[in-house]
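# Descriptive analysis of the structure
One letter stands for each residue in the lines below.
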Amino acid sequence: LMHSSLPLIEGFHLLGLKLVDVHQMLEIVLTNSFFTFDGQVYQQLVGLFMGCKPSPICAVIRVYTFEKRSIYTDSHYLSAPYGRYIDDAYTTARTLEEAQDMFNSIASQDPDGRLKWEVDFPEDNSQFVPFLGTEIRMEEGDVSYRFFRKSQKKNITLHYRSHHPLKTKVEVVRNFYRTAEMSSSSPSLKEESF
């Protein structure tokens, strides 16, 4: 029997776990993050650390509580579609100010004041806006999209002479082209992705 096919609640009962036990385990996992810097060991006291499996879902739940108390209850925001995937959100707001107002409404619910949104808004209909691994453009009701890769702050690439297996290096390049092909709405936009 695969562990992924066990109903969650039954799994808790089989292990003798109660909800309070799960809460305690999460608290231990999320509050015991250590890292080294300049030869010193530090404990992370603020925020969720990257690489910890529960961190993304905890962040999603936290932002959802802010959304629930702001844009999902205010009828002013219900007319513009809104969606979010982890930390990327979108809306079809008509103006930059309308989009910023919506995201500021969500951020205002954060008691720590740490939630900040960067709003990319096209200056005209010919511009693309980044969303996840694509750039999207809405022009006269038509949606166009193409592959998008953020510029890197560090020049970290997989060098051909690295010690990675040749198959890995070939697949990195092949996957780049495959992703560009699947993430582009037309052949010309696919070519622009390269």
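Placed above this text is the structure.
No experiment lies behind these values; they were computed from the predicted model shown.

### Quick look at the sheet that holds strand E5 (residues 129-131)
- Pairing is antiparallel across the open sheet formed by three strands, whose spatial order is E5-E6-E7. Of all the strands in the sheet, just E5 and strand E7 (142-147) have a single pairing partner and so form its edges. Between one strand and the next, the sheet's axes are offset by a mean angle of 35°, whatever the strand orientation.
- Here six bridges tie strand E6 (residues 134-139) to E7, and the two strands are oriented antiparallel to one another. Bridge assignment links arginine 137 to a residue of E7, and that residue is serine 144.

### Focus: the pairing of E6
- As defined by bridge partners, E5 adjoins E6 across three bridges and the pair is classed as antiparallel. Across the sheet, residue proline 130 finds its bridge partner in E6, namely glutamate 135.
- Hairpin geometry of E5 and E6 is characterised by an intervening segment of two residues between the two adjacent antiparallel strands and by a positive phi of about 55° at leucine 132.
- Where E6 folds back on E7, the antiparallel hairpin that results is connected by two residues, among which glutamate 140 adopts a positive phi of roughly 50°.

### What to know about the packing of aromatic side chains
- The full count for this structure, using the stated rule, is eight aromatic pairs.
- A centroid spacing of 5.5 Å and a plane angle of 75° characterise the contact between tyrosine 90 and phenylalanine 131, whose relative ring orientation is edge-to-face. Here tyrosine 90 is found in strand E4 (residues 88-91), whereas its partner phenylalanine 131 is found in strand E5, with 41 residues between them in sequence.
- By relative accessible area, which is 17% here, phenylalanine 131 ends up buried.

### Side note on the layout of surface pockets
- Here the second largest pocket defines a volume of roughly 280 Å³.
- Lining the second largest pocket are 13 residues, with Arg149, Leu158, Val172, Val173 and Phe176 positioned closest to its centre.
- Tallying contributions element by element places helix H5 (residues 166-182) first for the lining of the second largest pocket, with six residues.
- The residue inventory of the lining of the second largest pocket, partitioned by class, reads seven nonpolar, four polar and two charged.

Cut-offs and rules
- Sequence positions are assigned chain by chain, starting from 1 and proceeding in written order.
- Given that the model is predicted, a residue must reach a pLDDT of at least 70 before its local features are reported, and side-chain atom pairs must reach 80 or more before they are shown or counted; all residues, however, enter totals for whole chains, interfaces and linings.
- Think of the side-chain values as coming from all heavy atoms in the structure, minus any hydrogens and water.
- Here, strands pair whenever DSSP counts at least two bridges between them.
- Strands here mean DSSP runs of E at least two residues long; helices mean DSSP runs of H or I at least four residues long; both are numbered from the N terminus.
- Angular values range over 0 to 180 degrees, each being the angle between N-to-C directions of two axes fitted as lines to C-alpha atoms, with helices fitted over their stretch in contact.
- Stacked, tilted and edge-to-face pairs are distinguished by plane angle, under 30 degrees for stacked and over 60 for edge-to-face with tilted covering the rest, among Phe, Tyr and Trp rings (Trp via its six-membered ring) whose centres lie within 6.5 Å.
- Burial status follows relative accessibility: with a 1.4 Å probe on protein chains alone, a residue under 20% of its type maximum counts as buried, one over 50% as exposed, and anything between as partly exposed.
- For cavity detection a 1 Å grid was placed over the protein atoms alone, and a set of points counts as a cavity when a 1.4 Å probe fits there but cannot get out; an open set counts as a pocket when protein lies on both sides within 12 Å along at least five of seven lines, with lining residues being those that have an atom within 4 Å of a point.
- Grid points are joined across faces, edges and corners, and a volume is the space filled by probe spheres set on the points.
- Amino acids are sorted into nonpolar (Ala, Val, Leu, Ile, Met, Phe, Trp, Tyr, Cys and Pro), charged (Asp, Glu, Lys and Arg) and polar (every other residue, Gly among them).

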